[in-house]
Amino acid sequence: MTAGKKTPFKGRQFTAEIILWAGRCHLQFPISYRDLECMFADRGVKVDQTTLFRWIQAYAPELDKRVRPHLRMTNGSWRVDETYIRVKGKWVYLYRAVDAAGQTIDFLLSPKRDATAARRFFRKAMKQSHTVSRRRITVDKNAAYPIATKTMERGRELWRFAKLRQVKVLNNIVEQDHRRIMRLVRPGLGFKSLVSASWTIAGYEAMAMFRKGQVVGAPANDMSAQPDFIAALFGAAA
């Protein structure tokens, strides 16, 4: 499925309205697939957990992709940190960055926590259209970050005036933001693969951008505008 595809719901047994409603609920609130199945049953709609999972895997990363061009610009002061989630019974590392105002920049799921993973994350974040030149990158005491940024400076990938700061207390803003992700992950009791985890988290982050007011045309305090905006992104009637 590509961003330009006009009928992303073609072949589905259920309507776009039902699918998008399920997606918004699961990606915004700490609701398990089992609970979401019960919510549908209460409304007379029979849909099983497997189908709900497939919807999230198909449309969560697509939502993230389609909403990116509509994001407000973040500022040049980054707060970067990593947290942990469980995938196939093992802990993996979720790199995340927000700006000084708490606006989401990007994320990356990695099986390792090292300089290579840090470089991958920085490169991915720097490609986003809603970011500007990095004036300051604030991180914790993880030794991998200086190694990663020095390598990128030598390769002229990083703005030469960018400053790396290893000040843990200044990263409270991103550490607090991790809690939202963990609250959403917890009902699922872990992911089965790195790919499914990454696609689901893309949806979590996309819906958070709506809540934070980062999406132009969908005010944070206007809950009725968000479903309409998301439906329009997918070319569906709200």
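Peer 1: Looking at this structure, how should I read the pairing of strand 3 (residues 104-110)?
Peer 2: Among the 7 residues of strand 3, 7 are classified as buried, and the element is accordingly described as predominantly covered. Counted along the chain from strand 2 (residues 90-99) to the antiparallel partner strand 3, the turn is 4 residues long, and its residue Gly 102 has a positive phi close to 90°.

Peer 1: Whenever I open this one, helix 6 (residues 172-185) confuses me. Can you help?
Peer 2: Note that an α-helix has 3.6 residues per turn; residues three or four places apart therefore point the same way. For helix 6, built from 14 residues, the straight-helix expectation of 20 Å at 1.5 Å per residue is met to within 8% by its first-to-last C-alpha distance of 20 Å. Residues of helix 6 that are buried: Val 174, Asp 177, His 178, Arg 180, Ile 181, Leu 184 and Val 185. Each buried residue of helix 6 sits inside an arc of 150° when the element is viewed along its axis, so together they form one side. Where helix 6 is buried, its residues touch helix 1 (16-28), strand 1 (77-87), strand 2 and helix 7 (194-211).

Peer 1: Quick question: what am I supposed to make of the side chain of Glu 205 here?
Peer 2: Residue position: Glu 205 is located in helix 7. Among the polar contacts listed, one links the side chain of Glu 205 to the side chain of Arg 180, at a separation of 3.2 Å.

Peer 1: I keep staring at the sheet that holds strand 1 and nothing clicks. Help me out?
Peer 2: Sheet strands line up and pair through hydrogen bonds in the backbone, either parallel or antiparallel. Spatially, the 5 strands line up as an open sheet ordered 3-2-1-4-5, and their pairing is mixed. Strands at the two margins of the open sheet, each flanked by one partner only, are strand 3 and strand 5 (163-166). Averaged over all adjacent pairs, the angle separating strand axes in this sheet is 25°, with direction ignored. Packing of helix 7 onto the sheet brings it into contact with strand 1, strand 2 and strand 3, and relative to strand 3 it is tilted by some 170°.

Cut-offs applied
The numbering scheme is per chain: residues are counted from 1 as the chain's sequence reads. Residues qualify for local features only when their pLDDT is at least 70, as the model is predicted, and side-chain atom pairs are given and counted only at 80 or more; totals for whole chains, interfaces and linings, by contrast, use all residues. In computing side-chain properties, one takes all heavy atoms of the structure into account and sets aside hydrogens as well as water. Relative accessibility under 20% of the residue-type maximum defines a buried residue, over 50% an exposed one, and the middle range a partly exposed one, all with a 1.4 Å probe and only protein chains included. Only runs of H or I of at least four residues qualify as helices and only runs of E of at least two qualify as strands under DSSP, and these elements are numbered from the N terminus. For two strands to be treated as a pair, DSSP must find at least two bridges joining them. Here a helix's expected span is defined as the number of its residues, less one, multiplied by 1.5 Å. As used here, the arc is the angular range of directions from the helix axis to the C-beta atoms. Every residue pair with non-hydrogen atoms within 4.5 Å of one another is taken to be in contact. What qualifies as a polar contact is a pair of N or O atoms within 3.5 Å, subject to a donor-acceptor requirement within protein and to the restriction that residues adjacent in sequence count only when both atoms come from side chains. For helices, the axis comes from a line fit to the C-alpha atoms of the stretch in contact; other axes are also lines fit to C-alpha atoms, and the angle between any two N-to-C directions lies between 0 and 180 degrees.

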